[in-house]
Each structure stands twice: as structure tokens, then as C-alpha cells.
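Architecture and fold: a report
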Amino acid sequence: MIRSKVARRYAKAIFSLGKEDGNFEQYGKELKEFSNFLEQNRELSSFLLSRLIPLEIRQGVLKKVLEKVGFSEVTNRFLMLLLEKERMDQLDGIWRYYEKLMDEAMNIVRAEIITPMPLSDSQREKLENALATFTGKKVKSVIETDPSLIGGVVVKIGDMVLDGSIKAQLEGLKQSI
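Heads up: these notes are all about the structure in this document.

**Describing the overall build of the protein**
When its secondary structure is counted, the protein shows eight helices and four strands. Going from N to C terminus, the protein has its helices and strands arranged as α-α-α-α-α-α-β-α-β-β-β-α. Taken against the 2.2 N^0.38 rule, which gives 16 Å for 177 residues, the C-alpha radius of gyration of the protein at 21 Å runs more than 25% over that of a compact globule. Buried positions account for 33% of the 177 residues belonging to the protein. A fraction of 67% describes how many contacts in the protein between residues 6 or more apart in sequence connect residues 24 or more apart. When the accessible area of the protein is evaluated, it comes to approximately 11,200 Å², of which 53% is carbon and sulfur surface.

Now the structure itself:
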């Protein structure tokens, strides 16, 4: 729980800077990109997280890496601050919370859609349009398949679950009998 509070605090801080200067989308993209970069480069990640290596050496390496990737000055300073405060291990949580802040600012809601079989592009578009009308926000969806649903669809938006699957209907019928 403490870690998520820390991630939220740092995400809010850089997001507020991004809102002030109008670059919040760029900062979010850069945070996500660097988080993915560290995930793919475990040796660099382990090096930056190691408290056995003096901070000055880790800062020098991070500075060289950041010069090569060409991020904004704000993102570079933010990543250096995370390293200095020994919070680099929070980067994944920071950008994930930052993404939620961006979605709110851009009036976007994320939906997890579960269907018994893959949807065609037109079906997906119709479902996203219906959800956009329902929520009053632009919908970004992730679609998963679960053959056990038999038919219908399950939609998860935040804490809300809309279960229109045949499986759920059969379970409800079973309970009422």
C-alpha cells in the first residue's frame, strides 16, 4: 500500500507539471517508454536499483542513457530525482497511475471486454460506441476471449462490471430454481 501511495504522489507531481506546460501526454509517453526500456534491460535496471553502487556512479550512467534517448528536460530531471531518492523501483507504478491521470484529463475510460470468441472490427467499434454513449467518455478497450461464456459479453469499466453473458444468465437461472 505504501508503494502505491508513493507512486501516486510522484505521478501527480509530474502530471501537474505537464498540465502547467501542456506536455502531459509527452511526459506520460516518455515515462512509459523508459519503464518498458528498464523492463527489457534487466541488467541496467538492476544496476540503477543497486544501493551497493555509489549514487554518483549510477547517476552518471543514467545521465548517459538519458542523453541517448532524447527525452524532455522535465522527464530527465524527474528520472534523475527518482534515482536520487531511491524510488526508481516505483517507475512502473508511477507511469500506470500517470496513465489514469491522463485518461481523466482527456475524458477517456478504459474498458476490459470479455467475449466467447474474437470480435470483428465492426463489432468492436459498435460496442465501443455503445459504451461511449453509456459512459459519456471516449472508450479505449482491451478485448479478451473466454469460451466458457458461451455467448454474450462481459464489460469491466473501473469498478463496474456489466455481465451480459449467457453463462451469467444460466447461473442466475440456476440460483432462482
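**Considering the packing of helix H3 (residues 42-49) against helix H4 (residues 55-69)**
For the pair H3 and H4, interaxial distance at closest approach is 9 Å and the crossing angle is 140°. For the element pair H3 / H4, the angle class is oblique. Of the residues in H4, those touching H3 at Leu 44, Phe 47, Leu 48 and Leu 49 are Ile 57, Arg 58, Val 61, Leu 62 and Val 65. When its residues are assigned to classes, the contact of H3 with H4 shows eight nonpolar, no polar and one charged.

**Topic: the layout of surface pockets**
When its volume is computed, the largest pocket comes out at roughly 400 Å³. Lining of the largest pocket is provided by 15 residues; of these, Asp 103, Val 109, Arg 110, Ala 111 and Gly 158 occupy positions nearest its centre. For the lining of the largest pocket, the secondary structure elements donating two or more residues are helix H6 (91-105), strand E1 (108-115), strand E2 (138-145) and strand E3 (154-157). Ranked by the residues each element gives to the lining of the largest pocket, the list is headed by E1, at five residues.

**Remarks on the pairing of E3**
For E1 and E3, the ladder comprises four bridges, and the chain directions are antiparallel. Opposite Glu 112, over in E3, you have Lys 156 as the bridge partner. Pairing between E3 and strand E4 (residues 160-163): four bridges, direction antiparallel. Bridging across to E4, Lys 156 finds its partner in Val 161. Hairpin connection of E3 to E4: two residues between the antiparallel strands, including Gly 158 at a positive phi of 60°.

**Some remarks on the pattern of salt bridges**
Tallied over the full model, the rule gives six salt bridges. Residue Glu 86 is joined to Arg 51 by a salt bridge in which the shortest nitrogen-to-oxygen separation is 3.8 Å. Taken together, the residues span a long stretch of sequence, with Glu 86 in the loop between helix H5 (73-84) and H6 and Arg 51 in the loop between H3 and H4 at a distance of 35 residues. Note on Glu 86: relative accessible area 24%, which makes it partly exposed. Of the residues examined, Arg 51 reaches a relative accessible area of 62% and is grouped as exposed. Members of the salt-bridge network, linked through shared partners, are Arg 51, Arg 58 and Glu 86.

Rules used in this analysis
Residues numbered from 1 in each chain as written. Predicted model: local features only at pLDDT ≥ 70, side-chain atom pairs only at ≥ 80, totals over all residues. Heavy atoms only, no water. Helix = DSSP H or I, 4+ residues; strand = E, 2+ residues; numbered from the N terminus. Rg over C-alpha atoms; globule rule 2.2 N^0.38 Å. Buried < 20%, exposed > 50% of the residue type's maximum accessible area, 1.4 Å probe, protein only. Contact = heavy atoms within 4.5 Å. Areas by Shrake-Rupley, 256 points an atom, 1.4 Å probe, with all protein chains shown as cover. Axes fitted to C-alpha atoms, helices over the stretch in contact; angles between N-to-C directions. Parallel < 35°, antiparallel > 145°, perpendicular 65-115°, else oblique. Nonpolar A, V, L, I, M, F, W, Y, C, P; charged D, E, K, R; others polar. 1 Å grid on protein atoms, 1.4 Å probe; cavity = no way out; pocket = protein on both sides within 12 Å on 5 of 7 lines; lining within 4 Å. Points joined across faces, edges and corners; volume = space filled by probe spheres on them. Pairing = 2+ DSSP bridges. Salt bridge = Lys/Arg side-chain N within 4 Å of Asp/Glu carboxyl O.

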